[in-house]
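In case you want the letters, here they are:
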Amino acid sequence: EKGLMISVFYQSPKSGEKILNLQPLYLKIENSKLKISLEKVNLQEIFDLSVAAVSNSEESRFNIEIQDGVNSVVANKDKLEQVVINVLENALKYSDEDTQISLTARKNRNNIIICVENKADYIPKEVLSHLFEKFTRVDDKTTRETRGTGLGLYIVKGVVKAMNGEVAIYSTQDRTFKIEIKL
């Protein structure tokens, strides 16, 4: 796998820097050694910081909605911010131009569900099931035009799992793409 990481680095110099930055986290996830501390984290703060990190002139594309009474979640602040940033970056990269990207949080029984939803090309179920695997990218026009390591959703899943959570992806024929993080 090191060879694969190195070959990706040479094929895509811009994404290569990102791979080097993700390598320590990737290795901890790969070796099931990712241990993180959990605490109550303010969701509004996480959402605001994450949107600010990925926004430039596209701020108006984001629609943030947090259900009344949902103020915090038990998580690791830095890691949750990293997860939300990664998912928002993907939404910006792969969503239809000039469409809204929804970032929401709601309570569902004993869990908080964080959801990022956008309009994008339909991804068949047999492909969706592989998106959390390392070095996986959908082979379509959009991914050929954008750079990426194929590690983002693999890391998202590993970090969410380390926070005792779950993550799921949905894609519908009406071009709705949704990632749900349950903590």
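Below: a short report on this structure. (Residues numbered from 1 in each chain as written. Predicted model: local features only at pLDDT ≥ 70, side-chain atom pairs only at ≥ 80, totals over all residues. Heavy atoms only, no water.)

**Examining the overall build of the protein**
Which entries qualify depends on this criterion: Only DSSP runs of H or I reaching four residues or more are called helices, and only runs of E reaching two or more are called strands; each is numbered from the N terminus. Partly exposed residues are those whose accessible area sits between 20% and 50% of the maximum for their type, while under 20% is buried and over 50% is exposed, using a 1.4 Å probe and protein chains only. Surface accessibility in these figures is a Shrake-Rupley result with a 1.4 Å probe; residues are shielded only by whichever protein chains are displayed.
Looking only at helices and strands, the protein features seven helices and seven strands. Reading the protein from its N end, one meets helices and strands in the order α-α-β-α-β-β-α-β-β-α-α-α-β-β. The buried share of the protein, taken over its 183 residues, is 45%. As displayed, the protein offers around 10,500 Å² of accessible surface, 47% of which is attributable to carbon and sulfur atoms.

**Observations regarding the pairing of strand β5 (residues 111–119)**
Applied cut-off: Each pair of strands is called paired provided DSSP finds at least two bridges between the two strands.
Where strand β4 (residues 101–108) lies against β5, seven bridges are found, and the strand directions are antiparallel. Of the residues in β5, the one forming a bridge with L103 is V116. In this structure, the hairpin formed by β4 and β5 is closed by a connection of two residues, where R109 is found at a positive phi of approximately 60°. In this structure, β5 lies alongside strand β7 (residues 176–182), joined through seven bridges in antiparallel fashion.

**Focus on the packing of helix α4 (residues 77–94) against helix α7 (residues 152–162)**
For clarity, the threshold we go by: Axis geometry follows a simple rule: fit a line to the C-alpha atoms, using only the stretch in contact for helices, then measure angles between N-to-C directions, giving values from 0 to 180 degrees. Orientation categories follow fixed angle ranges, with anything under 35 degrees roughly parallel, anything over 145 roughly antiparallel, 65 to 115 roughly perpendicular, and all other angles oblique. With the far helix as reference, a near helix turned anticlockwise by less than a right angle produces a left-handed crossing, and one turned clockwise produces a right-handed crossing. Here, two residues are considered to be in contact whenever any of their heavy atoms come within 4.5 Å of each other. Three categories are distinguished: nonpolar for Ala, Val, Leu, Ile, Met, Phe, Trp, Tyr, Cys and Pro, charged for Asp, Glu, Lys and Arg, and polar for the others, with Gly belonging to the last.
Taken N-terminus to C-terminus, the directions of α4 and α7 make an angle of 150°; their axes are 10 Å apart at the nearest point. Judged by the inter-axis angle, α4 sits roughly antiparallel to α7. Handedness of the α4/α7 crossing: left-handed. Contacts between α4 and α7 involve K79, V83, N86, V87 and N90 from the former and G152, L153, V156, V159 and V160 from the latter. Of the residues belonging to the contact of α4 with α7, the class tally is six nonpolar, three polar and one charged.

**Structural notes on unusual backbone geometry**
Even without a glycine there, the phi angle at D98 is positive, about 60°. Of note, D98 is situated in the loop between α4 and β4. The phi dihedral of R109 is positive, around 60°, even though this residue is not glycine. Examined against the element boundaries, R109 turns out to sit in the loop between β4 and β5. Overall, R109 belongs to the exposed group, its relative accessible area being 75%.

These results come straight from atomic positions and should not be treated as a statement about function.
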